[in-house]
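Residue-level structural notes
The lines below spell out each chain.
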Amino acid sequence: MGINWFKYSSPQAFHPLAGKMIPWFSVAAGLLIIIGLYIGFFVAPTDFQQGDSYRIIFVHVPAAWMSMFLYVIMAAWAGVGLGLNARPSFMMAQAIAPTGAMFTFIALLTGAMWGKPTWGAWWVWDARLTSELILLFQYIGIILLRAAIDDLRRADRASAVLALVGVVNVPIIYFSVRWWNTLHQGASVSMTASPKMATTMLTAMLIMTVGFWMYSFAVTLARVRCVILDRERQPMWGNQTSIQEVAEAR
Amino acid sequence: MQWGSVSEFFAMGGYGLYVWVSFGVTALCMFGEVLAVWRRHAAAVAESRDVS
C-alpha cells in the first residue's frame, strides 16, 4: 500500500478524501436499508407470540447498537486527540456526537413503541432503559459542554475528557440485562451462543445494522467536512496585514 | 409473503400505530439529519468563500 496515511492527518487533506468516500457509503446505506426493510416486512414471518409488533426490532436493535458503537468510537477519537493533541481526532469526535445522540433517541422511542403493546407500559425504570437514557444525557452533555466553551482547544479537551469518563456506561448498558433482573429481555444475539431468533428475522436485523453503519459513516464524514470548513476558516497569517484583522476574521 | 392485502399490511396485525410511528420517526430523524448536514455544509462553503 503506497498510501501515506499521515498525509490525511491534516484537515486540509482529509476534507477532499472524506468528500470522495461519502457517495459510496451513502449508496451502500440506501441499498442495505431497502433490502433490510424488504426482508423485515415481506420475508420475515409474523412472530407467534408478539404478532407484528416485533417488527419494531428491525430499527430498535440496530439503533441501540449504533448508539453504543458510536459512543465508543467517539471516545476513542477523543482519547487519540488527547494523547497526540491531534485536531482532526477531536473533529471526528465532534462530528460523531450528534449522530450518536440521534440513534440513542431512536432506540429509546422505538423501545417505548414496543414496550406499550408488549409490556403494557411506555417506560419502566429498568436497568437497561435507565442506562440508555443516561447515554442520551451523556451525548447531550458532551455537545453542550463543547458549545459552552469559546476557546476551541479547551472545548476539544474538555469534551474529550467527558466522553472518555462516560465510556464506563457502555458496558453497563450492554451487560445490564445479565447483571440485574430486568424487564428488558436478554441478548438475542451474542458471540458465544447461537441466536435465539428465526434466520430471516436475524438476517433483516443484521442487514439493517450494516446499513445504519454505512449511514453513520456517510453522515459523520459529511459533518466532519463542515467542522473542518468552520474551524479552518481563519485566513492565512501571510495574507493579513495585521493581527487585528486575523482576530476579527476568527 | 404473509400479507393478504395492502390494508392488512398497514394494519400490522393491530400493531400498525406502534410499528409505523417507530419506522416513521426513524426515517424522519435520518432524513432530517442528512438535510441539516447538507445545509450546514452549504453554509460553511459559502462563508469560507466570504473570508478568503
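Residues numbered from 1 in each chain as written. Chains lettered and ligands numbered in written order. Predicted model: local features only at pLDDT ≥ 70, side-chain atom pairs only at ≥ 80, totals over all residues. Heavy atoms only, no water.

Let's shift gears to the interface of chain A and chain B. How big an interface is tends to be stated in terms of accessible area lost as the parts join. Contacts between the two partners involve 40 residues from chain A, matched on the other side by 27 residues from chain B. Between chain A and chain B, a total of about 3,000 Å² is buried, with carbon and sulfur atoms accounting for 73% of that surface. Of all residues in chain A, the largest losses of buried area upon contact with chain B belong to Phe41, Phe42 and Arg233 of chain A, amounting jointly to 22% of the total for that side. Where chain A meets chain B, there are 2 salt bridges. Between Arg223 of chain A and Glu33 of chain B there is a salt bridge, and its shortest N-O distance comes to 2.8 Å. Taken together, chain A and chain B are joined by 6 residue pairs in polar contact (both at pLDDT 80 or more). Elements supplying a minimum of two residues to the side of chain A that touches chain B: helix H1 (11-43), helix H2 (57-84), helix H3 (87-119) and helix H7 (199-231) of chain A. Here the side of chain A that touches chain B gets 11 residues from one element, more than from any other, and that element is H3 of chain A. Its residues assigned to classes, the side of chain A that touches chain B shows 26 nonpolar, 7 polar and 7 charged. (Contact = heavy atoms within 4.5 Å. Buried area = accessible area lost by both parts, 1.4 Å probe. Salt bridge = Lys/Arg side-chain N within 4 Å of Asp/Glu carboxyl O. Polar contact = N/O pair within 3.5 Å; in protein donor to acceptor, adjacent residues only side chain to side chain. Helix = DSSP H or I, 4+ residues; strand = E, 2+ residues; numbered from the N terminus. Nonpolar A, V, L, I, M, F, W, Y, C, P; charged D, E, K, R; others polar.)

Here we take up the side chain of Ser131 of chain A. Residues and elements named next belong to chain A. If you trace the backbone, Ser131 turns up in helix H4 (residues 127-148). Within the structure, the side chain of Ser131 is placed 2.7 Å from the backbone oxygen of Ala127, a separation counted as a polar contact. A distance of 3.1 Å separates the side chain of Ser131 from the backbone oxygen of Arg128, its partner in a polar contact. Those residues in contact with Ser131 that lie beyond four places of it in its chain are Asn169, Ile172, Ile173 and Ser176.

Residues and elements named next belong to chain A. Following the criterion strictly, the structure yields 7 salt bridges over all chains and no others. The salt bridge involving Arg55 is made with Asp52; its shortest N-O contact spans 3.0 Å. Of the charged contacts in the structure, one is a salt bridge between Asp156 and Arg231, with a shortest N-O distance of 2.8 Å. Of this pair, Asp156 sits in helix H5 (residues 152-166) while Arg231 sits in helix H7, placing them 75 residues apart in sequence. A cluster of three or more residues bridged by salt bridges with shared partners is formed by Arg146, Asp156 and Arg231.

Let us now look at the packing of aromatic side chains. Scanning the entire structure with this criterion turns up 23 aromatic pairs over all chains. The interplanar angle of 85° and the centroid separation of 5.5 Å between the aromatic rings of Trp114 of chain A and Trp119 of chain A together place this pair among those described as edge-to-face. Feature note: the residues Tyr38, Phe41 and Phe42 of chain A together with Trp3, Phe9, Phe10, Trp20 and Phe23 of chain B constitute an aromatic cluster, connected by ring pairs. (Phe/Tyr/Trp six-rings, centres within 6.5 Å; stacked < 30°, edge-to-face > 60°.)

Moving on: the packing of H2 of chain A against H3 of chain A. Residues and elements named next belong to chain A. It is the contact of H2 with H3, at a shortest axis distance of 8 Å, that shows an interaxial angle of 160°. With respect to H3, the axis of H2 lies roughly antiparallel. Between H2 and H3 lies a crossing of left-handed hand. Residue composition of the contact of H2 with H3, by class: 19 nonpolar, 9 polar and no charged. (Axes fitted to C-alpha atoms, helices over the stretch in contact; angles between N-to-C directions. Parallel < 35°, antiparallel > 145°, perpendicular 65-115°, else oblique. Left-handed = near helix turned anticlockwise from the far one by under 90°.)

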